[in-house]
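Tertiary structure, described
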Amino acid sequence: ATQELVPCIDSYRDAHARNEPYPDEIASMNGNSGMERNEFNPDWKQSVSVTYSFADGSAARSFAIQSALRPYRPTYFHFWQLKTFWHESKITDEDIEVHSFEEMETVPPMAINQTSGEVSKIVTEMIQFRKDFLETVQVGSRSDLQKFWLRKTKKPVLAVLLVRKPDGTDILYRGTNMEVSMPTGSL
C-alpha cells in the first residue's frame, strides 16, 4: 500500500492541489511536463476524496491499506453481495454498503487494560467463551458440535455481542457459526 498505492494517490492529490494536469493527462501530452510548478494549495482536503472499495481479503491487508489511506479519510464501499456482479455482470445499490471513514476506522492491537470498559468486558467474556468452547469440543462423544455443526469447515467462529439496555445495564450474548444445509435450507 505504501509503495505503490499511496504514491499514486499522492501524485493525483499534488496535481489537484497545484491546479496542474493529472498524471494520466501528462502521459497523454507526450511527456511535455516542462511547465512551471504552481503553489501547493493546503486546502486540498476540501475538494479531494478517496473511496476504498472492498469485498473480502485478509484483515491485515485491509488494515494496511486503511492505515496508509488515513490522511485521506476515505469513504468505504463494501460489496457484501457479489452474486449479481459475478453472475449478471452488474452492480446494484442493494449490493453495496457505504460507510464513512469514522465507521470503518480500526486501531492497532492494544493491551486489554488500555481499552474502554465495554471492550474489556467483551474481551473477558470472549476468553471465557473460548475456554468453554474448547472444553465442549474436547468432550467428544457428548457433543454433536464437532460431528455435525462443524463437520465440513472445521472452522468455528466465536462472537460476543454487548447490548446496553435503556436502564444502562449490559448484557453479553455468545454466538457461534453453524453450517446450513443449502439443499434443504435447514440448520
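Scoring rules and cut-offs
- Residues numbered from 1 in each chain as written.
- Predicted model: local features only at pLDDT ≥ 70, side-chain atom pairs only at ≥ 80, totals over all residues.
- Heavy atoms only, no water.
- Phe/Tyr/Trp six-rings, centres within 6.5 Å; stacked < 30°, edge-to-face > 60°.
- Helix = DSSP H or I, 4+ residues; strand = E, 2+ residues; numbered from the N terminus.
- Expected span 1.5 Å × (residues − 1).
- Buried < 20%, exposed > 50% of the residue type's maximum accessible area, 1.4 Å probe, protein only.
- Pairing = 2+ DSSP bridges.

**A short note on the packing of aromatic side chains**
- Here the structure, examined in full by the defined rule, presents three aromatic pairs.
- With a centroid separation of 5.2 Å and an interplanar angle of 75°, the aromatic rings of Tyr52 and Tyr76 are classed as edge-to-face. Of this pair, Tyr52 sits in strand S1 (residues 51-54) while Tyr76 is found in strand S2 (residues 75-79), placing the two residues 24 residues apart along the sequence.

**Structural notes on helix H6 (residues 117-139)**
- If you check H6, its first and last C-alpha atoms are 33 Å apart, about what 23 residues at 1.5 Å a residue would give, namely 33 Å.
- Those residues of H6 that sit buried are Glu125, Phe129 and Phe133.

**A closer look at the pairing of S2**
- One ladder, built from four bridges, connects S1 with S2; its direction is parallel. Note on S2: the bridge partner recorded for Phe54 is His78.
- As defined by bridge partners, S2 adjoins strand S3 (residues 96-99) across four bridges and the pair is classed as antiparallel. In the sheet register, Phe77 faces S3, and the bridge partner there is Val98.

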